[in-house]
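Here are the chains, one letter per residue:
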Amino acid sequence: PETITVGELANRMAERGADLVKALFKMGMPVTVNQSIDQDTAELLVTEFGHNIKRVSDSDVDLITSDDVDAAETLQPRPPVVTIMGHVDHGKTSLLDALRGTDVASGEAGGITQHIGAYQVQVKSGAKITFLDTPGHEAFSEMRARGANITDIVVIVVAGDDGLRPQTIEAISHTRAAGVPMIIAINKMDKPGSNAQRVREALLQHDVQVESMGGDVQEVEVSALKKTGLDELIEKIELQAELLELKANPDRAAEGTVVEATLDKGRGAVATILVGRGTLKVGDIFVVGAESGKVRALIDDKGRNIKEAGPSLPVEILGLSGVPSAGDQLSVVENEARAREVAAYRAGVIHQKRTTAAPASLESMFSALR
Ligand code: GTP
Ligand code: MG
């Protein structure tokens, strides 16, 4: 019988492997991303996630195809999306700055990150990693929840001199709920008061067993200030990413997720999109949430105008009809009439949801934001 690994099917659906694993678990099948499932189960999952199936041959899972499920041969490796989480002031932005060789943290009002920064870094091996920096303030735990869901890997930053704090524990549970692997970065190791062992022991009390304690959660001691341990952190991210075998089809109409969106005085509505699959191009007509538009410009994380953006690249887009919400899905469509039609439909659906929905639980928020 033909089989397919959960990870491969996830790549072809442009869904998270972790989300498929969760759905299978609910269906009474506890499997990991690297395990195989049969054709019938694969088809059931595809339908469950709202995708269309076109079974090309009766016997061959590899030939399941449709606009929603990409053919196996179209998939290409894509960079991992890594979210940095942790307690306020534990050094998330500083760590990202160190990894990028820039200095965002010192320019921030009050040193607190107010929005989600999205960046792509090219590391020494030549590979690329996409990083999302989430706000540390408690009021934004909701945004962090979303951060965990568009992410492949979470790096949890714990200040070695401060230890586990409420938002560290929250970050751990968000990561678990999202089912994505975590890497623990024990930061501020340059500080005399830092004690990595104390952090490891505290983690154990929250059922996080790091490698040096005999567990399988990767850990690394770093100093964002002195720039130590950074290569090791990158190595661990790359190792984890390799296990996930992340792929996407770059040659199709783009789909992506809104990471943040604002109304800019000079430029109008601006949204940062993380491309999930396909390639977003200047001139593309799209629908995003209840808004629509035509890509007038694409701007990368270094402020440069670019012509196109492929899988895992965060990019700012101009040309929106209005400001979408974080978590909204962007889809490129064939023409403007179709864009207006889809946007109007979504506006109706969204209006209905807002007026009828009961307050969402954290779990349902995760799935709603898919
Ligand atoms: P929020 O965005 O507010 O959640 O904070 P954050 O987690 O992004 O922390 P941020 O990078 O703004 O750093 C907080 C403070 O810790 C700043 O004063 C940094 O200079 C300091 N800091 C960060 N990393 C290190 C480190 O490795 N060593 C030392 N000594 N200080 C650090
Ligand atoms: Mg910050």
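Now for a look at the structure at hand. Not measured: the values here are computed from a predicted model.

Turning next to the environment of Leu99. Here Leu99 lies in helix α4 (residues 92-100). The buried category is assigned to Leu99, whose relative accessible area is 14%. C-alpha separation for the pair Leu99 and Gln120, spaced 21 residues apart in sequence, amounts to 10 Å. Excluding residues within four positions of it along the chain, Leu99 makes contact with Val121, Phe131, Leu230, Leu233 and Ile234.

In this section: the packing of aromatic side chains. By the definition in use, this model includes 0 aromatic pairs. Positioned over the ring face of Tyr119 is Arg100, at 3.5 Å from the centre of the ring.

Examined against the element boundaries, Thr130 turns out to sit in strand β6 (residues 128-133). A residue is classified by how much of its surface remains accessible, and Thr130, at 0% relative accessible area, is buried. Here Gln120 takes part through its side chain, which lies 3.0 Å from a polar atom of the side chain of Thr130. Engagement of the side chain of Thr130 in a polar contact is seen with the backbone oxygen of Ser312, the distance being 2.6 Å. Residues in contact with Thr130, not counting those within four places in the same chain, are Pro79, Pro80, Val81, Val82, Tyr119, Gln120, Leu274, Ser312 and Pro314.

Attention now moves to the pattern of salt bridges. All told, the structure shown has 18 salt bridges when counted by the stated rule. Salt-bridge contacts for Asp264 lead to Arg267; the nearest nitrogen and oxygen are separated by 3.7 Å. Here Asp264 falls in the partly exposed class, since its relative accessible area comes to 27%. By relative accessible area, Arg267 is classed as partly exposed at 32%. One salt-bridge network, held together by shared partners, links Asp70, Arg252, Glu255 and Arg277.

Cut-offs used in this document
- Residues numbered from 1 in each chain as written.
- Chains lettered and ligands numbered in written order.
- Predicted model: local features only at pLDDT ≥ 70, side-chain atom pairs only at ≥ 80, totals over all residues.
- Heavy atoms only, no water.
- Helix = DSSP H or I, 4+ residues; strand = E, 2+ residues; numbered from the N terminus.
- Buried < 20%, exposed > 50% of the residue type's maximum accessible area, 1.4 Å probe, protein only.
- Contact = heavy atoms within 4.5 Å.
- Phe/Tyr/Trp six-rings, centres within 6.5 Å; stacked < 30°, edge-to-face > 60°.
- Lys NZ or Arg CZ within 6 Å of the ring centre and 35° of its normal.
- Polar contact = N/O pair within 3.5 Å; in protein donor to acceptor, adjacent residues only side chain to side chain.
- Salt bridge = Lys/Arg side-chain N within 4 Å of Asp/Glu carboxyl O.

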